[in-house]
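# Report on the structure
Chain by chain, the residues run as shown.
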Amino acid sequence: MTIGENMTWQPEIDELKTRETLAHEMGGPDKVQRQHDNGKLTVRERIAGLLDTGSFHEIGALAGKASYDESGQLVQFMPANFVFGRGRIDGRPVVVGGDDFTVRGGAADAAIRGKQVMSEQMANELRLPLVRLVDGTGGGGSVKSIETEGRTYVPANPAWDWVVDNLGTVPVVALGLGSVAGLGAARLVSAHYSLMVQGSSQMFIAGPPVVARTGLNLTKEELGGAEIHAKAGAIDDVVESEAEAFARARRFLSYLPTSVFELAPRRPASDDPNRREEALIEAVPHDRRKVYNMRKIVQAVTDRESFFEIGRRFGGAAITGLARLDGWPVAVLASDPYYYGGGWTADAAQKITRFVDLAHTFHLPVVHFVDIPGFLIGPEAERAGTIRHGARALAALYQAKVPWCSILVRKSFGVAGAGHANQARLHYRYAWPSGDWGSLPVEGGVEAAYRAEIAAAADPAKRRAEIEERLNTLRSPFRTAEAFLVEEIIDPRDTRPLLCEFANLTAPLRAAGPVTMPMRP
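Residues numbered from 1 in each chain as written. Predicted model: local features only at pLDDT ≥ 70, side-chain atom pairs only at ≥ 80, totals over all residues. Heavy atoms only, no water.

## Notes on the environment of Ala174
- Relative to the helices and strands, Ala174 resides in strand S7 (residues 172–176).
- A sequence separation of 78 residues divides Ala174 from Val96, and the C-alpha atoms of the two residues are 9.9 Å apart. (Helix = DSSP H or I, 4+ residues; strand = E, 2+ residues; numbered from the N terminus.)

## A short note on the packing of helix H3 (residues 43–50) against helix H11 (residues 242–254)
- The interhelical angle for the contact between H3 and H11, taken along N-to-C directions, is 45°, at an axis separation of 9 Å. On the basis of the axis angle, H3 is oblique to H11. Like other packed secondary-structure pairs, H3 and H11 cross with a definite hand, here right-handed. Contact residues: H3 offers Arg46, Gly49 and Leu50, while H11 offers Glu242, Phe246, Ala249 and Arg250.
- Of the residues assigned to the contact of H3 with H11, the class counts are three nonpolar, one polar and three charged. (Axes fitted to C-alpha atoms, helices over the stretch in contact; angles between N-to-C directions. Parallel < 35°, antiparallel > 145°, perpendicular 65-115°, else oblique. Left-handed = near helix turned anticlockwise from the far one by under 90°. Contact = heavy atoms within 4.5 Å. Nonpolar A, V, L, I, M, F, W, Y, C, P; charged D, E, K, R; others polar.)

## Quick notes on the packing of aromatic side chains
- As enumerated under the stated definition, the model contains eight aromatic pairs in all.
- A connected cluster of aromatic rings, assembled from ring pairs, spans Tyr193, Phe252, Tyr255 and Phe308.
- Positioned above the aromatic ring of Phe101, the side-chain terminus of Lys40 is 4.4 Å from the ring centre.
- The side chain of Arg127 reaches across the aromatic face of Phe261, ending 3.5 Å from its centre. (Phe/Tyr/Trp six-rings, centres within 6.5 Å; stacked < 30°, edge-to-face > 60°. Lys NZ or Arg CZ within 6 Å of the ring centre and 35° of its normal.)

## Digging into the pattern of salt bridges
- Taken as a whole and assessed by the stated rule, the structure comprises 33 salt bridges.
- The salt bridge involving Glu15 is made with Arg19; its shortest N-O contact spans 3.0 Å. Placement of the pair is Glu15 and Arg19 together in helix H1 (residues 10–24), with a separation of four residues, close to one helical turn.
- Exposure remark for Arg19: the relative accessible area of 14% places this residue in the buried category.
- The salt bridge involving Arg295 is made with Glu309; its shortest N-O contact spans 2.8 Å. Here Arg295, found in helix H12 (residues 294–301), pairs with Glu309, found in strand S12 (residues 308–310); they are 14 residues apart in sequence, far enough to count as distant. Across the pair, exposure class does not vary: Arg295 and Glu309 are buried alike.
- The network of salt bridges with shared partners includes Asp271, Arg275, Glu277, Asp303, Arg304 and Arg496. (Salt bridge = Lys/Arg side-chain N within 4 Å of Asp/Glu carboxyl O. Buried < 20%, exposed > 50% of the residue type's maximum accessible area, 1.4 Å probe, protein only.)

## Considering the nonpolar core
- Within the largest apolar cluster, 63 residues are counted, with the highest numbers of intra-cluster contacts made by Leu50, Leu175 and Phe252.
- Take this core: its biggest share by element is seven residues, from helix H13 (residues 346–361).
- Of all hydrophobic cores here, the second largest spans 30 residues; its members include Ile319, Val332, Val367 and Trp432. (Core = buried A, V, L, I, M, F, W, Y, C linked by side-chain atoms within 4.5 Å.)

## What about a nonpolar patch on the surface?
- On the surface, Val291, Tyr338, Tyr339 and Tyr340 cluster together into a nonpolar patch covering about 460 Å² of accessible area.
- With respect to the helices and strands, Tyr339 occurs in the loop between strand S14 (328–335) and H13.
- In this structure Tyr339 comes out as partly exposed when scored by relative accessible area, which is 43%. (Patch = residues over 30% accessible without salt bridge, like charges linked within 9 Å, V, L, I, M, F, W, Y side chains within 5 Å. Areas by Shrake-Rupley, 256 points an atom, 1.4 Å probe, with all protein chains shown as cover.)

## Some thoughts on helix H4 (residues 113–126)
- The end-to-end C-alpha separation of H4 is 20 Å, in line with the 20 Å expected for 14 residues at 1.5 Å each.
- Turning to H4, its buried residues number three or more, namely Lys115, Gln116, Ser119, Glu120, Met122, Ala123 and Asn124.
- In this structure, the buried residues of H4 make contact with strand S1 (57–59), strand S4 (82–89), strand S5 (92–99), strand S6 (130–134), helix H6 (160–166) and helix H7 (183–189).
- One or two positions beyond H4, positive phi appears at Arg127, with a value near 55°. (Expected span 1.5 Å × (residues − 1).)

## Concerning the pairing of S14
- The element S14 is largely enclosed, with a buried count of eight among its eight residues.
- Two strands pair when backbone bridges link them, and strand S13 (residues 318–325) and S14 are joined in this way by eight bridges, in the antiparallel orientation. Pairing of Ile319 across the sheet is with Ala334, part of S14.
- Once S13 ends, the chain turns through two residues before running back antiparallel as S14, passing Asp326 with a positive phi of about 55°. (Pairing = 2+ DSSP bridges.)

## With respect to unusual backbone geometry
- A positive phi angle, near 55°, is found at Arg127, a position not held by glycine.
- If you trace the backbone, Arg127 turns up in the loop between H4 and S6.

## A word on the environment of Ile59
- Locating Ile59 in the fold gives a position in strand S1.
- A relative accessible area of 19% places Ile59 in the buried class.
- Expressed as a C-alpha distance, the spacing of Ile59 and Gly85, which sit 26 residues apart in the sequence, is 5.0 Å.
- If we ignore the near neighbours within four places in the chain, the residues touching Ile59 are Phe84, Gly85, Arg86, Lys115, Met118 and Met122.

## Thoughts on the environment of Arg429
- As for its placement among the helices and strands, Arg429 is situated in strand S17 (residues 429–431).
- With a relative accessible area of 9%, Arg429 lands in the buried category.
- Residues Arg429 and Ile407, 22 residues apart in the sequence, show an inter-C-alpha distance of 5.7 Å.
- Setting aside its immediate chain neighbours within four residues, Arg429 contacts Ser406, Leu408, His420, Gln423, Leu485, Val486 and Glu487.
- One polar contact links Arg429 to His427, side chain to side chain, over a distance of 3.1 Å.
- Of note is the side chain of Arg429, whose polar atom sits 3.2 Å from the backbone oxygen of Leu485. (Polar contact = N/O pair within 3.5 Å; in protein donor to acceptor, adjacent residues only side chain to side chain.)

## Describing the pairing of S6
- Among the five residues in S6, five count as buried, and that is most of the element.
- Both faces of S6 are covered, namely the face carrying Leu130, Arg132 and Val134 and the face carrying Val131 and Leu133.
- Bridge analysis of S5 against S6 gives four bridges, and the strand direction is parallel. Paired with Val95 across the bridge in S6 is Leu130.
- In this structure, S6 lies alongside S7, joined through five bridges in parallel fashion. Considered in S7, the bridge of Leu130 is made with Val172.

Here's what the structure looks like:
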């Protein structure tokens, strides 16, 4: 069959290439240069830096606003300020969508909301992880839209049904890569893992010009710098560069399944599961008033260099992160005695709730390194609503159905201490000889329990010391083990082999599928 010249579609293909070229020019050379001058990459450079080389398949590149001459020929084309499509990270498929700040600064009057909506829907229906590259209002509000549209509108958040559903369906990562406000800010925090870039990224409900109307004149950093939001728990991490942001996004996703309908894959393990760390036998001081480095303990017993901490600047009494045991991904929850002795504060409880929800949503076994003297006490703790936030953390813990192993490193006291595990389930736990537990620590409980006896003594201080000494003789964890109120006391050096056994033993018990109580922002 011969195809005649008059049947060729080459002119249309040429126009297609022209339009694609215009789309790749984004906001134009001047705007691209301004982006670079501000120390930021363009959205297309970001996508290239995040994904496996050459794996990006763009969708909707031709969407934008065009003008034509009287003969109908294209005169000018401004692409939409959102770029999205499919790609791969470490060989696994993902969906990525990013704001193009070079086009109208990410404002609503350059947005085509269908692209943003489809990125969320695609991730959900194809059951693929989603990475949001947020820079600007994310298609949010701009008063210029009143003139461009010729009307106002009743607010609606595009794609929010997909945003919410994705939290219970696929891993969602959001990277704040510029000044993020309004809807962009909401999209940034509505993720399983979010971060901002120090110095070049800020986040606000409304930016400085709007806030100035309230009488406060603040810079972007003063109003919504990365450190502010990391310490408030609005985001999980702060990084020094966009390259580091991409690396952390890739690493976070490596611990998770593609969706809740799959299980997180095991990686080849190069670390001996039977490795015993001699330093663990002296990791915890005999003096209960002295602190120690819990992170070193976590790093010593998990696969080497596998611990990926999340949210270090918020809720400091709780350490949260992902790690591997004999190649299996696990969620790690631990106490940090450097912050209130490891006691649960309102912030720590909120952090624990979100983290346990993350593990539960994606079927990750939890390993809990416990040193909890109870809830933080005092007027500040009461004003912070600590007991309410603590009760929510306990609820999350009891609702989680994933395998759970507790290592009782030192303290476990009171209602919060009881939250080291779900007491209604099999107690898969090990105690170190440094274990110390009860309803109240002896040091704090003597005054309340023996008040009358101490007050009546000729020497109250001496009587208090005598009572404490008497009680301390009964404090040995071995006495608890005699009554089978703690199942096993182990040599700390045996912790890694036992945890690797836990990971291998429980791996077949994990069940894929959606959960009834998935993670919320």
